[in-house]
Protein chains: 2
Amino acid sequence: MRVRVMGVDPGLTRCGLGAVEGRPGAPLSLVAVGVIRTGADEELGARLVGIEAGIEQWLDEVRPDAVAVERVFSQHNVRTVMGTAQAAGIAVLCAARRGLPVALHTPSEVKAAVTGSGTADKKQIGAMVTRLLRLTEMPKPADAADALALAICHVWRGGVQHRLAEAVARAKAGAAPARSRKDPRP
Amino acid sequence: MRVRVMGVDPGLTRCGLGAVEGRPGAPLSLVAVGVIRTGADEELGARLVGIEAGIEQWLDEVRPDAVAVERVFSQHNVRTVMGTAQAAGIAVLCAARRGLPVALHTPSEVKAAVTGSGTADKKQIGAMVTRLLRLTEMPKPADAADALALAICHVWRGGVQHRLAEAVARAKAGAAPARSRKDPRP
């Protein structure tokens, strides 16, 4: 089942957005990539209104099946973490208002999903996103590439959850779950 | 000039709301006080949608001239600070979407304005809010009292800013600013 996922790398100055479509185990395709910018000299309210308007426009145009947002921790850059958390909250709010499923993924989950290493740097992430989506050049700025990495991570992790849900459904329907083949208990 | 200010003590589990009306140097009056609650078992998106809906309803009914929101710092309780920041962001967003002026006040600014001490505890704040608004009992929960304290702080600080603006206007109009009476320079 192909899904279209929109990833959001939250931030007030640059909020990265990237949408991909695909299913686990098959090539993914790029739907859209970009960034919402607001001015550091603007008032917080105006910045949040700008981010909401940008995300709403994206949701209208991209029409994703799900939205993946980076989970923000207070260990991040203390000077900017509150604005980052607020931008993330607005992305979650906009998606939830439309009834879209929202997932939060940590930076290390995203890095591990896309590069195989939870400690990969921005350049490695950008390079893997470029390769996985068969792009001719690396998406810029890094926030845009990170948003695509989030979306890719969600398609793949969603696939795992989808397969688990299918397995549970099979078990409930009376079919033997895969585990029981190796499990000698009755 | 009387102003009606709505204060928001942000939080996901309890978001305190309180509105007062008044002007600096005159008795203040209570307009409304309450709290928006969302369940810790709900998904983040549903909680943020609930907070947005509650704040929108308050703005419709209270029709404040300005909104005052507690400024959230990352030094707060690490477990809850991200949700607190997101609830604050939604309050700022809702106000800014309506073109209402939004002010952020720190907890110590609010404590100092209401009790005279930047390190007052919840009980002192509640007691002073009760006295200043001539209530028969202390508003509960503490989040509701804190929201009223924010609104009171803003009426009073707004007053200072208003008087400064008036002084600047007088100076620009050619009247001698108050300072010059004590200032021997030409």
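This structure is a prediction, so every number in the text was calculated from the model and none was measured.

Cut-offs used in this document
Residues numbered from 1 in each chain as written. Chains lettered and ligands numbered in written order. Predicted model: local features only at pLDDT ≥ 70, side-chain atom pairs only at ≥ 80, totals over all residues. Heavy atoms only, no water. Helix = DSSP H or I, 4+ residues; strand = E, 2+ residues; numbered from the N terminus. Buried < 20%, exposed > 50% of the residue type's maximum accessible area, 1.4 Å probe, protein only. Contact = heavy atoms within 4.5 Å. Least-squares fit on C-alpha atoms with pLDDT ≥ 70 in both. Disulfide = S-S within 2.5 Å. Expected span 1.5 Å × (residues − 1).

1. A word on the environment of A:S117
Residue and element names in this part refer to chain A.
Okay, step 1: If you trace the backbone, S117 turns up in the loop between α3 (107-115) and α4 (122-132).
Okay, step 2: Classification of S117 as partly exposed rests on a relative accessible area of 25%.
Okay, step 3: Each residue touching S117, except ones within four places of it in the same chain, is listed here: K111 and A112.

2. Describing the relation of the copies chain A and chain B
Okay, step 1: With an RMSD of 0.0 Å, the operation that places chain A on chain B is a rotation of 180° combined with a shift of 0.0 Å along the axis. The superposition operator between the copies reduces to a two-fold rotation axis. In terms of C-alpha distance to the rotation axis, chain A has A:Q86 as its closest residue, with the C-alpha 2.4 Å off the axis.
Okay, step 2: Here 100% of the interface residues in chain A have copies in chain B that are interface residues too; the copies meet face to matching face.

3. Side note on the state of the cysteines
Okay, step 1: The final tally for this structure, using the stated rule, is zero disulfides over all chains.
Okay, step 2: Of the cysteine sulfurs around A:C15, a residue in no disulfide, the closest is that of A:C94, at 9.8 Å.

4. Let's talk about the side chain of B:Q86
Okay, step 1: Mapped onto the fold, B:Q86 is located in helix α2 (residues 81-97).
Okay, step 2: Setting aside anything within four residues of it in sequence, one finds B:Q86 in contact with A:A85, A:A88, A:G89, B:L44 and B:L48.

5. Points about α2(B)
Residue and element names in this part refer to chain B.
Okay, step 1: With 17 residues, α2 should reach 24 Å at 1.5 Å per residue; the first-to-last C-alpha distance of 24 Å fits that figure.
Okay, step 2: Of all 17 residues in α2, 15 are buried; the element is thus mostly enclosed.
Okay, step 3: Remark: G99 follows α2 within two positions and exhibits a positive phi of approximately 75°.

Fair warning: the whole summary comes from geometry, so function is off the table for now.
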